[in-house]
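Listed below, chain by chain, are the residues.
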Amino acid sequence: MKLSYHGHSIIALENNGSKVLVDPFINGNELTDLDAGEVRTDYIVLTHGHNDHVGDTVDIAKRNNATVIAPVELADYIGSKDIEVVAMNIGGRNEFEFGSVKFVHAFHSSSYTFDDGSGLVYTGMPTGIILEAGDKKIYHAGDTGIFGDMKLISELNGPFDVFFVPIGDNFTMGIDDAVYATDNLVKPGTAVPVHYNTFPPIRQDPQEFKDKLSTDCQVLTAGDEVRI
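Residues numbered from 1 in each chain as written. Predicted model: local features only at pLDDT ≥ 70, side-chain atom pairs only at ≥ 80, totals over all residues. Heavy atoms only, no water.

Just checking my understanding: could you explain the overall build of the chain for this structure?
A tally of regular secondary structure across the chain gives six helices and 15 strands. Here the C-alpha atoms of the chain give a radius of gyration of 16 Å, agreeing with the 17 Å that 2.2 N^0.38 yields for 228 residues. When the 228 residues of the chain are sorted by exposure, 56% land in the buried category. The long-range share in the chain, meaning contacts at least 24 apart out of those at least 6 apart in sequence, stands at 60%. Put simply, the chain shows about 9,600 Å² of open surface, and 44% of that area lies on carbon and sulfur atoms. (Helix = DSSP H or I, 4+ residues; strand = E, 2+ residues; numbered from the N terminus. Rg over C-alpha atoms; globule rule 2.2 N^0.38 Å. Buried < 20%, exposed > 50% of the residue type's maximum accessible area, 1.4 Å probe, protein only. Contact = heavy atoms within 4.5 Å. Areas by Shrake-Rupley, 256 points an atom, 1.4 Å probe, with all protein chains shown as cover.)

Explanation requested: the sheet that holds strand β3 (residues 18–22) in the structure shown.
Adjacent strands of a sheet pair through backbone hydrogen bonds, lying either parallel or antiparallel. Strand order across the open sheet formed by six strands is β1-β2-β3-β4-β5-β6, with mixed pairing between neighbours. Looking at strand neighbours, the two that pair on one side only are β1 (2–5) and β6 (85–88), the edges of this open sheet. Along the sheet, successive strands turn relative to each other by an average axial angle of 20 degrees, direction set aside. In the sheet, strand β5 (residues 67–71) pairs with β6 via four bridges, with the strands oriented parallel. If you follow V68 over to β6, its bridge partner there is V85. Packed onto the sheet, helix α3 (residues 72–79) meets β5 and β6 and runs at close to 145 degrees relative to β5. (Pairing = 2+ DSSP bridges. Axes fitted to C-alpha atoms, helices over the stretch in contact; angles between N-to-C directions.)

Sorry, what's going on with the environment of N197 here?
Of note, N197 is situated in the loop between β14 (190–194) and α6 (206–212). If near-sequence neighbours (up to four positions away) are discounted, N197 is found in contact with L31, I202, R203, Q204 and P206. Within polar-contact distance, the side chain of N197 engages the backbone nitrogen of Q204 at 2.7 Å. (Polar contact = N/O pair within 3.5 Å; in protein donor to acceptor, adjacent residues only side chain to side chain.)

How should the pattern of salt bridges be read in this particular structure?
Side-chain pairs of opposite charge can arise whenever the charged atoms involved come near each other. In the structure shown here, the tally under the stated rule is three salt bridges. Between K212 and D176 there is a salt bridge, with its nearest N and O atoms 2.8 Å apart. Separated by 36 residues along the polypeptide, K212 in helix α6 and D176 in helix α5 (residues 175–186) bring together distant segments of the chain. Look at K212 and you get partly exposed, because its relative accessible area is 40%. Sharing partners across several salt bridges, the network here consists of D176, E208 and K212. (Salt bridge = Lys/Arg side-chain N within 4 Å of Asp/Glu carboxyl O.)

Whenever I open this one, the packing of helix α4 (residues 149–157) against α5 confuses me. Can you help?
Between two packed helices, both the angle of their axes relative to each other and the distance between the axes serve to describe the pair. In the contact formed by α4 and α5, the axes pass within 9 Å of each other and the chain directions differ by 45 degrees. Here α4 lies oblique to α5, going by the angle between them. As α4 runs across α5, the sense of the crossing is right-handed. Residues M150, K151 and S154 of α4 touch α5, and the partners they reach there are A181, L185 and V186. Its residues placed into classes, the contact of α4 with α5 shows four nonpolar, one polar and one charged. (Parallel < 35°, antiparallel > 145°, perpendicular 65-115°, else oblique. Left-handed = near helix turned anticlockwise from the far one by under 90°. Nonpolar A, V, L, I, M, F, W, Y, C, P; charged D, E, K, R; others polar.)

Before we go on, may I ask you to explain the pairing of β14 in this structure?
Successive side chains on a regular strand alternate, one facing one side of the sheet and the next facing the other. Counting buried positions along β14 gives five out of five residues, so the element sits mostly inside the fold. Across the two faces of β14 the burial is the same, with T190, V192 and V194 and A191 and P193 all buried. Taken together, the five bridges between strand β13 (residues 162–166) and β14 define a ladder with parallel strand orientation. Pairing of F164 across the sheet is with V192, part of β14. Here two bridges tie β14 to strand β15 (residues 216–217), and the two strands are oriented parallel to one another. Counterpart to A191 in the pairing with β15 is C217.

Please explain the side chain of N64 as it appears in this structure.
Counting through the fold element by element, N64 comes out in helix α2 (residues 57–64). Given a relative accessible area of 17%, N64 falls into the buried group. Those residues in contact with N64, other than ones at most four positions away along the chain, are V39, R40 and T41.

For this particular structure, what's the right way to read the sheet that holds β13?
A sheet is described by the order of its strands in space; here seven strands give the open sequence β7-β8-β11-β12-β13-β14-β15, paired in mixed fashion. Two strands lie at the open edges of the sheet, namely β7 (93–96) and β15, each paired on one side alone. Packed onto the sheet, α5 meets β12 (136–140), β13 and β14 and runs at close to 150 degrees relative to β13.

Structure below.
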C-alpha cells in the first residue's frame, strides 16, 4: 500500500492494483506536483463540494473513466456530468477494490460555485473520510473545525495509522485546535498537516504544529510519500 500527499488536501492511495485520489484540486493550486491532464486514477473520493476540493474531479474522472465516491448530494451533481458515482452519506461504509471508505462528520459547509460565478449548488453535508487499505487505517478529516466527537470517531473506528488534519485556520481548525484534536481526541500513529499555505488567508507554519504535538508528525511537501 502506498500513500502520498500532493498539496492542499490532496492525498493519493494505491492498493490492490487500484489508484485513489482524494480532493483533487490541481489547477489553481500552486503547491501541488500533479498535472490534471496526466494524473491517473481509478477512483476519486470527495470530502465536500467546495471548489478547492472538487477541483478537477470532472475532467480527471472522464479522462480516466474513474468512479467518484462522494456524499449523496455531491455525488448527484457529479453524476449529472455523465460520470459514474457511488453516493454515500455520513456513517456509511462501502467496500471497493482498494479497500473501504466510510464517511464521518465534519463541521464546515459544502457547496459548489459555478466557474462563471453565476451561482452555486448545495452539495450536502461536509464529511471526513476513513480509508482502510490492507491493515492500515487512515482518517482524512476534510475541512473542519474541532469537535468532541472526533474522540468517538477514533474510539469506534481507530486506532488510526495516519490522521490528515487541517491547520490553515480562517476556514478550518488552526494550529492550536489541530494540536488538541490530534493529541487528545484522535491519537493517531502519525499526523500529517494539510489545508495550509495554498492561499493568503490560510498561511501557517507546519513546523509550529509539529513542535507543539506530542504525537509523531510528518510535514510533507507535494509528492512525498507518507511513512507508515
